[in-house]
Amino acid sequence: MRNIEWKKYLFVLLITSLIFVTGIYFSNYLNNRKLAELRGMQDKVYIDILSSETRFSLLKESSCRSFENAPVLSEELSLLGSRVGFMESELGIENDEVRQVKRYYSILEIKDFLLTKEINERCKSNVQFILYFYSGKDECPDCVKQDYVLSRLQEDYSKLRIYSFDANLDLSAISTLASLYGVKKEFPALVVNGKISHGFKSVEELEAEIPALKLMKNATSTATTTEER
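Please read all numbers here as calculations on a predicted model, not as lab measurements.

Criteria and thresholds
- Residues numbered from 1 in each chain as written.
- Predicted model: local features only at pLDDT ≥ 70, side-chain atom pairs only at ≥ 80, totals over all residues.
- Heavy atoms only, no water.
- Buried < 20%, exposed > 50% of the residue type's maximum accessible area, 1.4 Å probe, protein only.
- Helix = DSSP H or I, 4+ residues; strand = E, 2+ residues; numbered from the N terminus.
- Pairing = 2+ DSSP bridges.
- Right-handed = clockwise from strand over helix to strand, strands pointing away.
- pLDDT = per-residue confidence, 0-100.
- Contact = heavy atoms within 4.5 Å.
- Axes fitted to C-alpha atoms, helices over the stretch in contact; angles between N-to-C directions.

A. Representation of the pairing of strand S2 (residues 160–166) in the model. Of all 7 residues in S2, 6 are buried, a share of seventy percent or more. Summarising the sheet, strand S1 (residues 128–134) and S2 pair through 7 bridges and their orientation is parallel. Following the sheet pairing, Phe129 is matched in S2 by Arg161. Taking the sense of rotation as the criterion, the β-α-β connection linking S1, helix H4 (residues 142–156) and S2 turns out right-handed.

Given below as structure tokens:
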């Protein structure tokens, strides 16, 4: 009887150990696979950065006609921003690799802002800008709501450029940009038409601060109606 019970316990122990080892194996397999995917994503991000930097040099020499029917780098930056966001969600905002990629991305945003601003003045374009400075959700609960508002505006207005900067990144370019516009350590902070404001802003408030957006919406509605006819 005791011999049977001993064998039963041994069998249960073996099954439990097998399940435990199998669980560890699959967990390591999935973690390694996810890490490999993230490494591949990181490589794509760096390639995108090099591509965008090359385009900056080319676009500076282009004529105004080149920008009539196409955005400058907004599509590339949007794709790159999505990839950075994916890395951030998977690895965490404090991850060294994520922070390094975000630094590169922030520099690209500043370059795009300066280039588009220059083109705006040279070619008399009607591109509008919002500079958005934010902090972590623990330090800035309103930043989460502000993200949704800005995403909504970006979807509604094709000629609106929104540049987002993590104020906690150790990057002198962001600090300099913030200093130029008088940004304080109160987040969210928005620079709209060159004027700084601190605190959450709704869609309606931001639309009111940028009258040109109303003209963009009217132009889009008119074009859509014409196509339907």
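Structure's up, so let's keep going.
B. Fine view of the confidence of the model for the protein. Summary statistics for the protein give a mean pLDDT of 75 and a share of 62% for residues scoring 70 or more. Mean pLDDT across the elements of the protein ranges from a minimum in helix H7 (residues 212–228), with 54, to a maximum in strand S3 (residues 189–192), with 95. Counting interchain partners and residues more than four positions distant, the pLDDT-below-50 stretch residues 220–229 has 0 contacts.

C. Seen up close, the sheet that holds S1. Across the sheet, which stays open at both edges, the 4 strands sit in the order S2-S1-S3-S4 with mixed pairing between neighbours. Lying at the two open borders of the sheet, with one neighbouring strand each, are S2 and strand S4 (195–198). Strand-to-strand, the axes of this sheet are offset by a mean angle of 20°, without reference to chain direction. Packing against the sheet, helix H5 (residues 172–180) makes contact with S1 and S2, and its axis sits at approximately 115° to S1.

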